[in-house]
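# Chain and residue survey
Listed below, chain by chain, are the residues.
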Amino acid sequence: MDWLERAAKLRQWTANGVRAPHKPLLLLYALGRFQEDAGSELSYSAVEGDLKRLLVEYGPGNRTTPAYPFHHLVSDGVWEVRSERGAGSPGTGVLELRATRAAGRLVPELRAALRREPSLVGRMARVLLDLHFPPSLHGELCDAVGLELESAQTPLSAARRQRDRRMRDLVLTAYEYRCAFCGYDGSIGAVAVGLEAAHVRWWAFDGPDEVDNGLCLCALHHKLFDKGVFGVDDDHRVMASRHFVGRSPAARAQVTDLAGRALLGPQPGTSPIAPAHRSWHSSQVFHGEPRPAAVV
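A quick note: this is a predicted structure, and the numbers were derived from the prediction, not measured. (Residues numbered from 1 in each chain as written. Predicted model: local features only at pLDDT ≥ 70, side-chain atom pairs only at ≥ 80, totals over all residues. Heavy atoms only, no water.)

## Some details on the nonpolar core
Residues Trp-79 and Met-124 are the most contacted members of the largest nonpolar core, which totals 52 residues. Sorting the residues of this core by element identifies α1 (3–8), α2 (22–36), α3 (44–58), α4 (67–72), β2 (79–83), α6 (108–116), α7 (119–132) and α8 (138–145) as the ones contributing at least two each. Ignoring anything within four residues of it in the chain, the contact list for Met-124 reads Trp-3, Leu-4, Ala-7, Leu-27, Leu-31, Leu-110 and Leu-114. Formed by 32 residues, the second largest nonpolar core is a distinct cluster that contains Met-167, Tyr-175, Cys-216 and Ala-240. (Core = buried A, V, L, I, M, F, W, Y, C linked by side-chain atoms within 4.5 Å. Buried < 20%, exposed > 50% of the residue type's maximum accessible area, 1.4 Å probe, protein only. Helix = DSSP H or I, 4+ residues; strand = E, 2+ residues; numbered from the N terminus. Contact = heavy atoms within 4.5 Å.)

Here it is, written out as structure tokens:
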């Protein structure tokens, strides 16, 4: 049985690039818990809080109960649920899952495969991360679910497209090697340091490796952009989320004071961010409502 293919083809509701990372997050969480204790079951009541935090942190703005993936992941052949009523999930009702002491875990065949081949944990996790989340979030997501990720390449069968390695140079050149949000333009000699090409519409969700889907951002603002702290409005101004809380002068200078600031770049003659990509990021990544423009 090809477990990597199963991880790559989780059944998800998708339409027009809508993110639905609920099942991938639960499967990543289950793989992390398997690494910790290969024989343990995951009681819904015990893990509900963890799963809810993961959905809030790494899911889109529209909230979904953890009961949804806990029940529906069964249909993908990698997860099983039992309760006091016996084998099978009692449904998607939170109260019912709690009352029947529902518990889930990886199916026996997958557990056996993971015991025979421990590196399979990392390879399955790689597939899920590459297909559903940007690289800037991979490390912290593994920490959040307790996964120790060994070096593993995504198999060609799971990779949908090959990345265009020219994207970084094209985007950094378009924005004249400075962060479009804060203006940072550090270098060592002739080599830019701490500047990255951020995808507006994530590559995992069919975002093209093109300049009109890119932003040159410093490493900090790239991370915050992918976390939904920042966005870009229709007037090409920086949006900063009202959900962000930072009390230090550094937090104000690096986040809240940027609200409403016009993007720096791209240079004339270069395509700005395409409206469709801005719209996708605003609906699928940006958290909450934007702050009013900062008073300068």
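Still more to cover.
## A look at the packing of aromatic side chains
For the structure shown, the criterion picks out seven aromatic pairs. For the ring pair Phe-181 and Phe-225, a centre distance of 6.0 Å and an interplane angle of 75° mean the geometry is edge-to-face. Of this pair, Phe-181 sits in the loop between α9 (167–174) and β5 (187–188) while Phe-225 sits in helix α10 (residues 219–226), and the two are 44 residues apart along the sequence. Here the two residues Phe-181 and Phe-225 agree in accessibility, since each one is buried. One aromatic cluster is present, formed by Tyr-44, Phe-70 and Trp-79 through successive ring pairs. (Phe/Tyr/Trp six-rings, centres within 6.5 Å; stacked < 30°, edge-to-face > 60°.)

## Describing the sheet that holds strand β3 (residues 86–87)
Strand order across the open sheet formed by four strands is β1-β4-β2-β3, with antiparallel pairing between neighbours. Unpaired on one side and paired on the other, β1 (42–43) and β3 mark the two borders of the sheet. When β2 meets strand β4 (residues 103–106), the two strands line up antiparallel, connected through four bridges. Residue Arg-82 lies in a different strand from β4, and its bridge partner there is Ala-103. (Pairing = 2+ DSSP bridges.)

## Considerations on the side chain of His-22
Secondary-structure assignment places His-22 in helix α2. When neighbours within four sequence positions are excluded, His-22 is seen to be in contact with Leu-55, Thr-64, Tyr-68 and Pro-69.

## A word on the pairing of strand β8 (residues 214–218)
Here β8 lies mainly inside the structure; five of its five residues are buried. In β8, alternate side chains face the same way, and those of Gly-214, Cys-216 and Cys-218 on one face and Leu-215 and Leu-217 on the other are all buried. One ladder, built from five bridges, connects strand β7 (residues 195–199) with β8; its direction is antiparallel. Within the sheet, the bridge partner assigned to Ala-198 lies in β8 and is Leu-215.

## Details of α2
If you check α2, its first and last C-alpha atoms are 21 Å apart, about what 15 residues at 1.5 Å a residue would give, namely 21 Å. Counted residue by residue, α2 has 12 buried out of 15 residues, so it is predominantly covered. Burial in α2 covers these residues: His-22, Lys-23, Pro-24, Leu-25, Leu-26, Leu-27, Leu-28, Tyr-29, Ala-30, Leu-31, Gly-32 and Phe-34. (Expected span 1.5 Å × (residues − 1).)

## Side note on the packing of α2 against α7
Running from amino to carboxyl end, α2 crosses α7 at an angle of 155°, the nearest separation of the two axes being 10 Å. The angle between α2 and α7 places the two elements in the roughly antiparallel class. The handedness of the crossing between α2 and α7 comes out as left-handed. Between α2 and α7, the contacting residues are Pro-24, Leu-27, Leu-28, Leu-31, Phe-34 and Gln-35 on the first element and Val-121, Met-124, Ala-125, Leu-128, Leu-129 and His-132 on the second. Class assignment for the residues of the contact of α2 with α7 results in 10 nonpolar, two polar and no charged. (Axes fitted to C-alpha atoms, helices over the stretch in contact; angles between N-to-C directions. Parallel < 35°, antiparallel > 145°, perpendicular 65-115°, else oblique. Left-handed = near helix turned anticlockwise from the far one by under 90°. Nonpolar A, V, L, I, M, F, W, Y, C, P; charged D, E, K, R; others polar.)

## As for helix α12 (residues 275–284)
A turn of α-helix holds 3.6 residues, and therefore any two residues three or four places apart point the same way. Restricting attention to buried positions, one finds in α12 the residues His-277, Arg-278, Trp-280, His-281 and Gln-284. Down the axis of α12, the sector holding all buried residues measures 160°, keeping them to one side. Exposed residues lying more than 90 degrees from the buried face of α12 are Pro-275 and Ala-276. Where α12 is buried, its residues touch α10 and β9 (230–232). (Arc of directions from axis to C-beta.)

## Some words on the pairing of β2
Along any regular strand the residues' side chains alternate between the sheet's two faces. The side-chain alternation of β2 yields one buried face, formed by Trp-79, Val-81 and Ser-83, and one unburied face, formed by Glu-80 and Arg-82. Taken together, the two bridges between β2 and β3 define a ladder with antiparallel strand orientation. Bridging from a neighbouring strand, Arg-82 pairs with Ala-87 of β3. The loop that links β2 with its antiparallel partner β3 comprises two residues.

## Considering the state of the cysteines
Within this structure, the stated rule accounts for zero disulfides. Of all cysteine sulfurs in the structure, the one in Cys-179 sits closest to Cys-216, which takes part in no disulfide; the separation is 6.7 Å. With relative accessibility at 0%, the residue Cys-216 sits in the buried group. Free of any disulfide, Cys-218 has its nearest cysteine sulfur in Cys-179, 3.9 Å distant. Cys-218 gets classed as buried once you look at its relative accessible area, which sits at 7%. (Disulfide = S-S within 2.5 Å.)

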